[in-house]
Amino acid sequence: DFCTTRSAATTVVDAVYEVTGNCEINGDLHITDGGRLFVNYTKSPGNILNVLGNIKLQGDGILYLKGGVLQIPQDYSMHRTIDLEGDSILVIIEGELKTNSQPDTANKYMLLKAYNNSRMLVFNSNLDRKTSWLLANFFDQSQLVAVQSESVPTEVYIKDSSNIRI
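Small disclaimer: the values here were computed from a predicted structure and weren't measured.

Peer 1: Looking at this structure, how should I read the side chain of serine 142?
Peer 2: By the element assignment, serine 142 lies in the loop between β15 (132-138) and β16 (143-147). Side-chain polar atoms of serine 142 contact the backbone oxygen of alanine 114, separated by 3.4 Å. At 2.7 Å, the side chain of serine 142 forms a polar contact with the backbone oxygen of phenylalanine 139. Excluding residues within four positions of it along the chain, serine 142 makes contact with Ala114, Tyr115, Asn116, Asn117, Ser118, Ser162 and Asn163.

Peer 1: I keep staring at the sheet that holds β16 and nothing clicks. Help me out?
Peer 2: Strand-to-strand pairing in sheets goes through backbone hydrogen bonds, with the strands running parallel or antiparallel. Reading across from one edge, β2-β5-β8-β11-β14-β16-β18 is the order of the 7 strands in this open sheet, with parallel pairing throughout. Lying at the two open borders of the sheet, with one neighbouring strand each, are β2 (16-19) and β18 (163-165). For this sheet, the mean inter-axis angle between neighbouring strands, taken without regard to orientation, is 5°. Here 5 bridges tie strand β14 (residues 119-123) to β16, and the two strands are oriented parallel to one another.

Peer 1: What am I meant to see in the packing of aromatic side chains here?
Peer 2: Both the distance between ring centres and the angle between the ring planes are used here to describe each pair of aromatic rings. Going through the model one piece at a time under the given rule, you end up with 2 aromatic pairs. Considering the side-chain rings of tyrosine 115 and phenylalanine 139, the 4.9 Å spacing of their centres and the 10° angle between planes classify their relative orientation as stacked. One end of the pair, tyrosine 115, is in the loop between β13 (108-114) and β14; the other, phenylalanine 139, is in the loop between β15 and β16, and 24 residues separate them in sequence.

Peer 1: Hey, could you run me through the pairing of β14 in this one?
Peer 2: As a general feature of sheets, a regular strand has side chains that alternate between the two faces. The pairing of strand β11 (residues 89-93) with β14 spans 5 bridges and is parallel. Looking at β14, one finds that isoleucine 92 is bridged to valine 122.

Peer 1: How should I be thinking about the pattern of salt bridges in this particular structure?
Peer 2: It is possible for side chains bearing opposite charge to pair when their charged atoms get close. Here the structure, examined in full by the defined rule, presents 3 salt bridges. Across the salt bridge formed by aspartate 60 and arginine 36, the nearest N and O atoms sit 3.4 Å from each other. With aspartate 60 in the loop between β7 (55-57) and β8 (62-66) and arginine 36 in strand β5 (residues 36-40), the pair connects residues that are 24 residues apart, well separated along the chain. Owing to a relative accessible area of 29%, aspartate 60 belongs among the partly exposed residues under this scheme. Across the pair lysine 113 and aspartate 83 runs a salt bridge, and its minimum N-O distance is 3.5 Å. Separated by 30 residues along the polypeptide, lysine 113 in strand β13 and aspartate 83 in strand β10 (residues 81-84) bring together distant segments of the chain.

Peer 1: What's the story with unusual backbone geometry in this structure? I'm lost.
Peer 2: Glycine aside, a negative phi is what most residues show, and trans is what most peptide bonds show. That bond from valine 152 to proline 153 is cis: its omega, -10°, falls within 30 degrees of zero. Tracing the sequence through the fold places proline 153 in the loop between β16 and β17 (155-158). Here the phi dihedral of asparagine 116 falls at roughly 55°; this positive angle occurs in a residue that is not glycine. Relative to the assigned elements, asparagine 116 resides in the loop between β13 and β14. In the Ramachandran plot, glutamine 148 falls in the positive-phi region, its phi being about 45° despite a non-glycine side chain. Turning to its location among the elements, glutamine 148 is positioned in the loop between β16 and β17.

Peer 1: Help me understand the environment of glycine 61, please; the structure alone is not making it clear to me.
Peer 2: Mapped onto the elements, glycine 61 comes out in the loop between β7 and β8. Judged by relative accessible area, which is 0%, glycine 61 ranks as buried. For glycine 61, the contacting residues outside a window of four places in its chain are Ile31, Thr32, Gly35, Arg36, Ser88 and Ile89.

The rules behind the values
Residues numbered from 1 in each chain as written. Predicted model: local features only at pLDDT ≥ 70, side-chain atom pairs only at ≥ 80, totals over all residues. Heavy atoms only, no water. Helix = DSSP H or I, 4+ residues; strand = E, 2+ residues; numbered from the N terminus. Polar contact = N/O pair within 3.5 Å; in protein donor to acceptor, adjacent residues only side chain to side chain. Contact = heavy atoms within 4.5 Å. Pairing = 2+ DSSP bridges. Axes fitted to C-alpha atoms, helices over the stretch in contact; angles between N-to-C directions. Phe/Tyr/Trp six-rings, centres within 6.5 Å; stacked < 30°, edge-to-face > 60°. Salt bridge = Lys/Arg side-chain N within 4 Å of Asp/Glu carboxyl O. Buried < 20%, exposed > 50% of the residue type's maximum accessible area, 1.4 Å probe, protein only.

What follows is the structure, encoded as structure tokens:
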């Protein structure tokens, strides 16, 4: 199982893995060329992929979440980041993004930076703006496609020749 031994400072994904149960990564998550992390929570929508570190996708790496929650808890705003580089793809379908794991505290915003030809694809997903916030910066030829998604990302900043479709 992918999640049974993920307590290193950095977990590198350079092969194909599928996750169907709750998963906690105690450190940074780097998905590199050839790396695919498919998180399928359609049968258990309450499941959580909890990343206690930064997320970095490089080359043609893919992080795919269907259903459930992608949670990146922060101690303070901008404590952690999501970086998309190369031709990498971040996909969130029918999921929820949380940047704060403590529902009774003020929102903690997080920064996403997309470079090169990377893409963020979000479909039928949400983020609770009372506790979480995602500032997304798109550079170069990076792309955002968001369909029927509430506040994922919350704010979008377009630079260079990036392409945004909401």
